[in-house]
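Below, each chain spelled out in residue letters.
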Amino acid sequence: MGEFVIRTRGWFEEPKRENSLAHGIGTKNMLELTPHAGRKPYNSIFDWGVYFPYIAQATRSKQYHFPRVTNMVQNDPVLQRAIKQAAEQILREKQMSMDFSKEDLNKNNDKENNARDSPSGYQNILNKQEHRAITILKDMRSTLNNFLLALTSWILYKLLPCFLSGVVTHTQQIEMLKAASEKAPGIPLIFLPLHRSHLDYIMVTFILYNNDIRSPLVAAGNNLQIPVFGELLRGLGAFFIKRKIDPVVGKKDIVYRAVLHLYLQHALKVGHNVEFFIEGGRTRTGKPCLPKGGILSVIVNAFMDRSIPDALIVPVSVNYEKLVDGNFVREQRGEKKDPESFIKAISGIWKALNSNYGLMRIDFNEPYSIKELVQSYNKIANEDGTMKVYKPSVRTLQHNQSTSSLYGTDVVCEEHRSLIDSISRQVVFDCAVATSVMSTNALAFLLLTRYRKGAAEHEIAKGLDELRTTLKGRKDIGFSGDSSHIINYAVDLLGENLVVRQEGDDGVTTIQPKGTIESWIELAYYSNTLTPHFALQSICLNTFHKLLPKSDVLSEKQEPGVSRKRLIEVALENCEVFRYEYILNKPTQVLGNMLEIALDELIMQGFIKTAQSDNQADAPVETMRMARAIASYIESNDLDQDDDDDDVNDYVNVDQIEEPDMFLVPETITQQKALCEVLAPFAQTYLIVAESLFILYKNPMLESEFMKFVMKELHAKVANKQCPYPESISTDSVRNCLKVLEKWFVVEISNQSGLRLLALGTLYETSRDSLKNILQRMYNILPQYNNGYF
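Since we're looking at a predicted model, the values are computed, not measured.

Caption draft 1: Helix α20 (residues 517-527), seen in detail. Within α20, 9 of the 11 residues are buried, which leaves it mostly tucked inside the rest of the structure. Here the buried face of α20 lies against α13 (329-332), α17 (439-449), α19 (483-494), β11 (499-503), β12 (509-513) and α21 (531-547).

Given below as structure tokens:
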């Protein structure tokens, strides 16, 4: 009867599309992997693990000893000094507030000494600070234990398949981690994932535990200390830290910083692995956030003062086909974030268990040691006088450990700060490069850059083929198979709230974005996994089109082109605008060189041509770069040999290098426009922020009020079609633009009674017209579509 029903339904109903994708060569689905369970081949049919594989896997995974460090921290002399320092600071503040205007310094010192002897004075304050330190430590501590790890592992094996079709990792990456931990058993592993979802830290621990790698202590925000779930996370390794370490503006919380610093330091000493999110919170835009170096500074400091011999930093890339946490549309539109709660957590879990989120992909990148990184940066510093880093072999660290600052302490000199910034930026850059592209990322990217008005299914599939070809060998693609099947799968996964599929009278199926502001913003989240990869190319191509002469000023015989030298110069200026939006290069890379490589890639792709393009069509980028370097070297030497020749000097002064040597390829103009669109939404946001600066002329205002004004302008311009990119509505991009403007001294931000006041810089406050230069600079990063070539 069951067979008859199936056949009958098959006769009347359309066959369903496949609801899964192959996830790539060399990868394994952790939900189907139970190496300790006794699955075939097994030695005995009486092995109970064959019949209960998930229980066997959970209980047979390697057990580790996870020592507690709270007593070590509590008894550490550094903490005692911090408590004493905090008490003395409070006492001084009390004395100053009581009689600052009446008593001279000698009387204040006498009163302070008297207060120390008073039971209700100094000792009372000291006791309160000691009690506070213990409370902070109790709230912060992790209770990582094997029983809860095993129980959670079994539960996850049962629950994850309800809403994820797979948790995919690369086999060789896991083996690499095992080899690293076995080769140096006393060296802690520092896992630094990019942060997308609350599920991230649970899944990293799940994968490590089931592959017999020591589970880490995980830094978690104290907003997750909610009933039940908070204690569960604590047992899985979470130690909770305040999202804002210094609650009072301009005043450092000495005791809290000391507790956090010492807790991490002792955890590393006793052999704990550590995991924290170097971006701070979850990305709201889908692209990597700029790093925060606070916790990393503690780990680097532990190496610098020889508390640990070394530490292995493991950048971790996490990606989802569909984000389990929902979306961040409300926050990007300027609305307040809903606080975490027990009810919200239960609701989220229930919703997740009844939904399909596709694949999750976790990539563990190659570990690099802090010791080797320091040596590398020191070598660069010796070769390049412009870069200064801490040199432990030359300079001895002051061993009066700081208790007043987690990052920016008296121990962390400027060279040390530079080192931390460099390491953290390199980690984020490497994570972004290694993040696997999921099917939904590819579809969203195509819809936002090439098919904003929608297109036929076969046309989008063709676009996906081209995208896959472009990415091949450069980024790991987390899916495989026929592009048409992948497109349909991604459309089903994203859902009708984001993407609409329609079948026309001619039988052709078209796919297009839903068209609401919310859908554009959410699609941008998925697309932004790919935008860092194309950012430099997009900047180069936008700059190229901006510098091209308009078509109506050229004669019929003239080819539209620009000077390569001029293009690179202007592109560098445009990169400066995006300095807080993207990390465009590693600290060890020269941005100008990276732009040269991006330009060579555009030539290879047929977007730009040179006089030698026919001969270079099949040449790899590295070959082109070497050929250009040799030519430049020969030219430089030729000029040096004739340095005293007046004729040569006159020849050099002629503006020959400004002659066009990079020319437009009209045949690929459609693909060029798509690449120009990659950064266009961000550029549009920046332009509207620059236009809004005029309201600040002679009129300082709270930063929060200015943000509201800008968001209102963004909504109005989107509604009036003056802004063609609804995803430009982004509080993150507005904040990043303000950081750039502050760096350029266009605006000044000051704290007044805990409020951030925004005002124009001195130069721009005296001349309103000077803001037009900033407006022009922002306009220059927008795609140029009115030059007659598009």
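Caption draft 2: Fine view of the sheet that holds strand β15 (residues 662-664). Reading across from one edge, β13-β15-β14 is the order of the 3 strands in this open sheet, with antiparallel pairing throughout. The open sheet has two edge strands with one neighbour each: β13 (561-562) and β14 (608-609). The pairing of β14 with β15 spans 2 bridges and is antiparallel. Within β15, the residue paired with Lys-609 across the bridge is Phe-663. Each of β13, β14 and β15 touches α21; the most contacted strand, β15, lies at about 80° to it.

Caption draft 3: Highlighting the sheet that holds strand β17 (residues 747-752). The strand order across the open sheet built from 3 strands is β16-β18-β17, with neighbouring strands paired in antiparallel fashion. Sheet topology places β16 (701-702) and β17 at the edges, where each strand pairs with a single neighbour.

Caption draft 4: How the structure looks around unusual backbone geometry. Even without a glycine there, the phi angle at Lys-698 is positive, about 55°. Residue placement: Lys-698 occurs in the loop between α28 (680-692) and β16. The phi torsion at Lys-721 lies on the positive side, around 65°, for a residue other than glycine. By the element assignment, Lys-721 lies in the loop between α29 (703-719) and α30 (731-743).

Caption draft 5: How the structure looks around the pattern of salt bridges. Scanning the model with the defined rule gives 26 salt bridges in all. The partner of Glu-466 in a salt bridge is Arg-450, and the shortest N-O contact between them spans 2.7 Å. Within this pair, whereas Glu-466 is found in helix α18 (residues 457-471), its partner Arg-450 is found in the loop between α17 and β10 (455-456), the two being separated by 16 residues in sequence. Under the relative-accessibility criterion, Glu-466 is labelled partly exposed at 28%. The closest approach of N and O atoms between Asp-769 and Lys-772, which form a salt bridge, is 3.7 Å. If you follow the salt bridges from partner to partner, you end up with Arg-132, Lys-242 and Asp-253 in one network.

Conventions and cut-offs
Residues numbered from 1 in each chain as written. Predicted model: local features only at pLDDT ≥ 70, side-chain atom pairs only at ≥ 80, totals over all residues. Heavy atoms only, no water. Buried < 20%, exposed > 50% of the residue type's maximum accessible area, 1.4 Å probe, protein only. Helix = DSSP H or I, 4+ residues; strand = E, 2+ residues; numbered from the N terminus. Contact = heavy atoms within 4.5 Å. Pairing = 2+ DSSP bridges. Axes fitted to C-alpha atoms, helices over the stretch in contact; angles between N-to-C directions. Salt bridge = Lys/Arg side-chain N within 4 Å of Asp/Glu carboxyl O.

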